[in-house]
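# Working through the structure, step by step
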Amino acid sequence: MSSRPMLLEVRDLDVVLRGARATPVVRKLSFEIRRGERLAVVGESGCGKSVTSLAIMNLLPPALSVTGGSLRFDGTELTALDARAMRDIRGRRIAMVFQEPMTSLNPSMTIGHQIIEIIRAHEPVSKAAARQRAIELLEQVRLPDPHRMVDEYPHRLSGGQRQRVVIAIAIACRPDLIIADEPTTALDVTIQAQIMTLLTSLQRDLGMAIMLITHNLGLVAQVADRVMVMYAGRKVEEAAVGDLFDQPRHPYTRGLLAATPRPGRRFPDKVLQEIPGLVPSIYDLPPGCAFAPRCDLATERCSAGEPRLRSLGPGREIACVLA
Amino acid sequence: MSPLLSIRDLVCSFKTARGVVRAVRGVSLDVFPGETVGLVGESGCGKTTLAKSIVGLVQPVSGSIRLDTTELVGLSRTARASLARDVQFIFQDPFSSLNPRRTAEALIREPLDVQRIGTASERTERVEWLMHRVGLRPDWKRRYPHEFSGGQRQRIGIARALALSPKLIVCDEPVSALDVSVQAQVINLLADLQREFNVAYLMITHDLALVEAFARRIAVMSLGEIVEIGTSSEVWNAPKHPFTRQLIDAIPLPDPARRSYAIPKG
Amino acid sequence: MMRRLRAMLQLISARWALVIGGVLLSIVALMALSANFFYPDDPLNMAGQPLLWPGQDIEYPLGTDSLGRDISAGLFHGARTSLLVGFISTAVALLVGTAVGAVAGYYEGLIDDILMRITELFQTIPQFMLAIVLLAILGPSIEMIIAALTIVSWPVIARLARAEFIILRNREFVQSCKVIGMSDARIIMAQILPNAAPPIVVMSSILIATAILMEAGLSFLGFGDPNVLTWGTMIGMGKDQLREAWYIVVIPGLALLVTALALNLVGEGLNDALNPRLREQR
């Protein structure tokens, strides 16, 4: 794990929501992704995981901005790049796969056209060569009949097929890193299995790294090498996937795992194990540990100050005073 | 015990741009009083159409839906309206299923107003009691849907469905749009309410793992037909139909030691 | 103190269209309301020396026309007529148009087809021509002008209402009301209509402006009520003196411009005010 070269280094990332008061949405986030590895970023609504990926790609909406920290990609500081340099990186070296295949594809362009566009945006190839590449890519993502598909319009495809096209576009320039933000949430579970298997085998074959953003712990267990758990804009735990599931340390991680339905498991007085309360609003974070109000182990120390992120070993971190 | 809801050979179809689509092709299903039946399937299998036909939002082409002894298919709109007291519906999207211009109180009160149950003050009392029962603070009753979180909005939807004390609530993916920890809260709430009021649920979902713990029986639907039905442990542990097996195999288990996805190490 | 001032300025600049439009409209409304107070006589009567320039005589601050009629009296009374015609015709068009559009959009099918064919019938005939023909048949009185403008304006609202109802009819909250046994009438009036209202309200502001301008056009051409002085009639009567006494045309012309502008600004301001909240609520 640590023998692989470093690819993405995020240090103390701060993202803020503009408004009457600047409200922090991501707070002092630090993590790494090495070449070829699969990092899962887990959390529920409002934890900042999607915002983080948009910050890396410099695709934040106008209301959000990076106010601190560093994003080093293969040695280059991304926050210092101008728009043109960032455009060069986007698509060619870092690619993104979003949740909604319906809106990720342009409905008025053929699939082939969209793939060709991205190839020719980054590489000086002829249209014919790009078209040939597009057909090969459609084969790689296991779409049936690629010679015909290349001239089809998105609306004629199913959700799963569209997501394959999105993946084809993502790998078109053989990026070093793919950021997949809930890539299968909108898909049926059988299609999800196919798409995730495809994504991970492509990732291995092409030597790419994957940052998988999801709330589905089942997917995490099946796919990830390492896991980072986020809550209210901060990292609260990080571990290798086996360690996280065997010995979750942070109460929130434990709560999430317990709340995930496990067929065959029964509780005497309830159907599922729940975490009481709600995720706090970013405008109204509780003092100290953001999870304390919902934590059954919370003590006074927890509300006194925000717990520091401590290292428990290589790649093992926890932000809890009690763990 | 005779079934509360009895569906026999139900057929639903509708016209699309590409011709007639038969979404439900001869489905038969029973729901007994106080039990939860899970209806599982993937998108396009017809489960939502079936659910909507039970509450009259879709008119079946043929077949029968009986609630106790009353035949629901072919009922006039007015007769259907009075049946609202027995069968209710919880929608999937907690945002779009609530009128954005109504307060929480107004939304929960509407069924009582429409069905003319109780006096004005009795209705107010019932609304407060319902809100409390579903875990919402009654002093939030003047807030609007956009002021609540997704899980809280779904609780409003549950209170609204419960207002008329129905015998059966059809739940269409009631927790799919919610975070995992909130899903657990809402499912536990539904189970509590069932224990207390003996209400039956027909729970439509694509999440087999979720419904396995909650439902007594599970029906698996594919392409408009029910391909398997049994108790939840039967269906999970000894699935007979290949489609059920496919569904089960595709579910990502939260256990890294048992990887079913064909992921290579390294 | 400075912070409150800044907050107020921020509010005003965000809603500047509404504020400016509202102020202008209020001025015109005040003129209309005080017309009988300041100028109790019929403005069509001769009042003083003809062709007096504005400022020449204090008693006639805006001058007189070729027949000695007081221009400012005409301005005030014209305001009254214009606003009356604009508001009443739009109000009735709103009622009729919303009703037709709502029913067509909610029920679809045959009812929708029939109602839309009728709507289209009224829409294909050019508005101005239709108004002239109607007035020729019905006779040129203020009441008939209002009727003609109503007939010409309702189809646009019907189309808009129908579009909104088609979208909202399939929303889950409407389905939820059907499930609890709500009648169609109640669903249309109490559930869908309040949600469909914002774009219709915005459109009606524009429609009032259009009605006022159309009435002015009709009066200018001589199709107006001969017993009522409106801004359009004033412009019509002053067009022969355009070279020497252009104020006779310009003053009522400016009044029309300001009123139409005010209404458009209010419409735009309402659009901004109503839509973001709607987006938030949706």
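Residues numbered from 1 in each chain as written. Chains lettered and ligands numbered in written order. Predicted model: local features only at pLDDT ≥ 70, side-chain atom pairs only at ≥ 80, totals over all residues.

Our focus in this paragraph is the overall build of chain A. Helix and strand content of chain A: twelve helices and twelve strands. For 323 residues, the compact-globule formula gives about 20 Å, and the C-alpha radius of gyration of chain A, at 21 Å, lands near that figure. Within the span of chain A, comprising 323 residues, buried residues form 46% of the whole. (Helix = DSSP H or I, 4+ residues; strand = E, 2+ residues; numbered from the N terminus. Rg over C-alpha atoms; globule rule 2.2 N^0.38 Å. Buried ≥ 20, exposed ≤ 12 C-beta atoms within 10 Å, placed from the backbone.)

Turning to the overall build of chain B, a few remarks are in order. Within chain B, the secondary structure is distributed over nine helices and ten strands. Over its C-alpha trace chain B gives a radius of gyration of 19 Å, about what one expects of a compact globule, namely 18 Å for 266 residues. Its C-alpha atoms give chain B principal-axis dimensions of roughly 60 × 50 × 45 Å. Looking at the 266 residues of chain B, the share that counts as buried comes to 49%. Once local pairs closer than 6 in sequence are excluded, the contacts in chain B between residues at least 24 apart make up 65%. (Contact = placed C-beta atoms within 7 Å.)

We now examine the interface of chain B and chain C. Contacts between the two partners involve 20 residues from chain B, matched on the other side by 16 residues from chain C. Mapped onto the side of chain B that touches chain C, the elements with two or more residues apiece are α2 (77-83), β6 (87-90) and α3 (104-114) of chain B. In terms of residue count, the dominant contributor to the side of chain B that touches chain C is α3 of chain B (three residues). Broken down by class, the residue content of the side of chain B that touches chain C amounts to ten nonpolar, seven polar and three charged. (Nonpolar A, V, L, I, M, F, W, Y, C, P; charged D, E, K, R; others polar.)

Turning next to the sheet that holds strand β7 (residues 177-181) of chain A. All names here are of chain A. Spatially, β6-β7-β8-β3-β9-β10-β12-β11 is the arrangement adopted by the eight strands of the open sheet, whose pairing is mixed. Each edge of the open sheet is held by one strand with a lone partner, namely β6 (94-97) and β11 (310-313). Across the sheet, the mean angle from the axis of one strand to that of its neighbour is 20 degrees, orientation sign disregarded. Direction of pairing for β6 relative to β7: parallel, over a ladder of four bridges. Residue M96 lies in a different strand from β7, and its bridge partner there is I179. Here helix α7 (residues 159-171) sits on the sheet in contact with β6 and β7, set at roughly 170 degrees to β6. (Pairing = 2+ DSSP bridges. Axes fitted to C-alpha atoms, helices over the stretch in contact; angles between N-to-C directions.)

Residues and elements named next belong to chain A. One open sheet holds the four strands; their spatial order is β2-β1-β4-β5, and the pairing between them is antiparallel. At either margin of the open sheet sits one strand with a lone partner, and together these are β2 (23-34) and β5 (76-77). Where strand β4 (residues 64-73) lies against β5, two bridges are found, and the strand directions are antiparallel. Following the sheet pairing, R72 is matched in β5 by E77.

On to the interface of chain B and chain A. Contact residues are listed per partner, giving 34 residues for chain B and 38 residues for chain A. Elements with a minimum of two residues in the side of chain B that touches chain A: α6 (180-197), α7 (208-214) and α9 (242-250) of chain B. Residue contributions to the side of chain B that touches chain A peak at seven residues, all from α6 of chain B.

Residue and element names in this part refer to chain C. Looking at the element boundaries, P54 is found in the loop between α2 (16-38) and α3 (71-107). With 16 C-beta atoms counted inside 10 Å, the residue P54 sits in the partly exposed group. Distance in space between the C-alpha atoms of P54 and D225 is 27 Å, their sequence separation being 171 residues.

So, on to the pairing of strand β2 (residues 19-31) of chain B. Along a regular strand, successive side chains alternate from one face of the sheet to the other. Here ten bridges tie strand β1 (residues 5-16) of chain B to β2 of chain B, and the two strands are oriented antiparallel to one another. Residue K15 of chain B lies in a different strand from β2 of chain B, and its bridge partner there is V20 of chain B.

Now for the environment of S96 of chain B. Tracing the backbone through its elements, the reader meets S96 of chain B in the loop between β6 and α3. Since 20 C-beta atoms lie within 10 Å of it, S96 of chain B is described here as buried. Sequence-wise, S96 of chain B and A200 of chain B are 104 residues apart; in three dimensions their C-alpha atoms are separated by 25 Å. Not counting chain neighbours up to four residues away, the residues in contact with S96 of chain B comprise R171, E172 and F173 of chain C.

What follows is about the arrangement of the chains. Here two pairs of chains make contact, and the pair sharing the most contacts is chains A and B. When C-alpha atoms are compared, chain A and chain C, though not in contact, are closest at a spacing of 11 Å.

We now examine the packing of helix α6 (residues 142-169) of chain C against helix α8 (residues 184-220) of chain C. Residues and elements named next belong to chain C. Orientation of α6 relative to α8, taken along the N-to-C sense of each, is 155 degrees, at an axis distance of 9 Å. Comparing the axis directions of α6 and α8 gives the class roughly antiparallel. The crossing of α6 and α8 is right-handed. The residues of α8 that touch α6, namely those facing I145, L149, S153, V156, I157, L160, A161, E164, F165, L168 and R169, are I192, N195, A196, P199, I200, M203, L207, A211, M214, E215 and L218. (Parallel < 35°, antiparallel > 145°, perpendicular 65-115°, else oblique. Left-handed = near helix turned anticlockwise from the far one by under 90°.)

Our focus in this paragraph is the packing of α3 of chain C against α6 of chain C. Residues and elements named next belong to chain C. α6 packs onto α3 with a crossing angle of 35 degrees between their chain directions and a minimal axis gap of 5 Å. Helix-helix and strand crossings are classified by hand; for α3 and α6 the assignment is right-handed. Looking at the contact of α3 with α6, its residues break down into 23 nonpolar, nine polar and four charged.

Our next topic: helix α1 (residues 47-54) of chain B. Residue and element names in this part refer to chain B. With eight of eight residues buried, α1 lies mostly within the body of the structure. Listed as buried for α1 are K47, T48, T49, L50, A51, K52, S53 and I54. Positive phi appears at G56, one or two residues downstream of α1, with a value of about 85 degrees.

Once that is clear, we can look at helix α11 (residues 251-259) of chain A. Residues spaced three or four apart along an α-helix point in a common direction, a consequence of the helix completing one turn every 3.6 residues. Along α11 of chain A, the positions that sit buried rather than exposed are P251, Y252, T253, G255, L256 and A259 of chain A. Among the structural elements, α9 (217-223), β9 (226-231), β10 (234-240) and α10 (241-246) of chain A together with α6 of chain B are those in contact with the buried residues of α11 of chain A.

Residue and element names in this part refer to chain A. For strand β3 (residues 38-42), the buried fraction is high: five of the five residues fall into the buried class. Residues R38, A40 and V42 line one face of β3 and the alternating positions L39 and V41 line the opposite face, and both faces are buried. Here β3 pairs with strand β8 (residues 209-214) via five bridges, running parallel. Directly across from V41, in β8, lies its bridge partner I213. As paired elements, β3 and β9 share four bridges and run parallel to each other. Each residue of the ladder has a partner; that of V42, found in β9, is V229.

Below, the discussion takes up unusual backbone geometry. With glycine set apart, most residues show a phi of negative sign, and most peptide bonds adopt trans. Unlike most non-glycine residues, R174 of chain A shows phi in positive territory, near 50 degrees. Secondary-structure assignment places R174 of chain A in the loop between α7 and β7. The class of R174 of chain A is exposed, set by 11 C-beta atoms lying within 10 Å. Notably, E108 of chain C is not glycine yet its phi reads approximately 55 degrees, a positive angle. Mapping E108 of chain C onto the fold places it in the loop between α3 and α4 (109-124).

Time to look at the confidence of the model for chain B. A residue-level look at chain B finds 98% of positions with pLDDT of 70 or above and a mean pLDDT of 92. Among the scores for the predicted complex, ipTM is 0.88 and pTM is 0.85. (pLDDT = per-residue confidence, 0-100.)

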